[in-house]
Amino acid sequence: MATVSPSWAYALQLPHDPRAPGIARATLRTVLAAHDLAHLTATAELLASELLTNAHLHTKGPYILRLLSNEPDRLRVAVWDTDPRVPAGFREKGALAAVPPDDAEGGRGLHLVQACADAWGVSVLRELGASKGGKLLWAECGRTGVSG
């Protein structure tokens, strides 16, 4: 008889501190190990790292890492921050982020997210009273994690 894993979600509020993304990645690894999803660690950690770094570099306030699993062997990694501006690569569904020039020091993060995620997207949170505003960038990964 097949068993169905119940869905679960975790949220970790992070201060605008340069140590926060590393703490969030360590938490992610712990959560995946606890839910027998260690095979997703490499992909999930890359996705989380890029989304967390984006929030840290481009906002001034706190941000939140959210981990959600509604299906067995599937994970949604999301990062909420206070800035409602959507990065260029996430503005249009299906539009890939532009790859920066070879000599650029940055700008590859969201391109990596789009290349490694099974699905990705953004929600801009503007309804008064419904949230604190800002945006939620998310990416999903499943059975086929990046081999490490």
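Residues numbered from 1 in each chain as written. Predicted model: local features only at pLDDT ≥ 70, side-chain atom pairs only at ≥ 80, totals over all residues. Heavy atoms only, no water.

Student: How should I be thinking about the sheet that holds strand β3 (residues 75-81) in this particular structure?
Tutor: Two pairing modes exist for strands in a sheet, parallel and antiparallel, and in both the strands are linked by backbone hydrogen bonds. In spatial order, the strands read β1-β2-β3-β5-β4; together these five strands make up an open sheet with antiparallel pairing. The two strands at the open ends of the sheet, each matched to only one other strand, are β1 (8-14) and β4 (119-124). This sheet shows a mean twist of 15 degrees between the axes of neighbouring strands, independent of strand direction. Inspection of the sheet shows strand β2 (residues 63-69) paired to β3 by six bridges, in the antiparallel sense. Across the sheet, the residue bridging to Tyr-63 is Asp-81, located in β3. Its contacts with the sheet place helix α1 (residues 20-34) against β1, β2 and β3, and it is angled at close to 165 degrees to β1. Across the sheet, helix α2 (residues 41-58) is in contact with β1, β2, β3 and β5 (135-141); its angle to β5 comes to roughly 165 degrees. (Pairing = 2+ DSSP bridges. Helix = DSSP H or I, 4+ residues; strand = E, 2+ residues; numbered from the N terminus. Axes fitted to C-alpha atoms, helices over the stretch in contact; angles between N-to-C directions. Contact = heavy atoms within 4.5 Å.)

Student: How should I be thinking about the environment of Leu-65 in this particular structure?
Tutor: Counting through the fold element by element, Leu-65 comes out in strand β2. Leu-65 gets classed as buried once you look at its relative accessible area, which sits at 2%. Along the chain, Leu-65 and Ala-48 lie 17 residues apart, while their C-alpha atoms are 7.9 Å from each other. With sequence-adjacent residues up to four places away left out, Leu-65 is seen in contact with Tyr-10, Ala-11, Leu-12, Leu-14, Ala-24, Ala-48, Leu-52, Val-77, Ala-78 and Val-79. (Buried < 20%, exposed > 50% of the residue type's maximum accessible area, 1.4 Å probe, protein only.)

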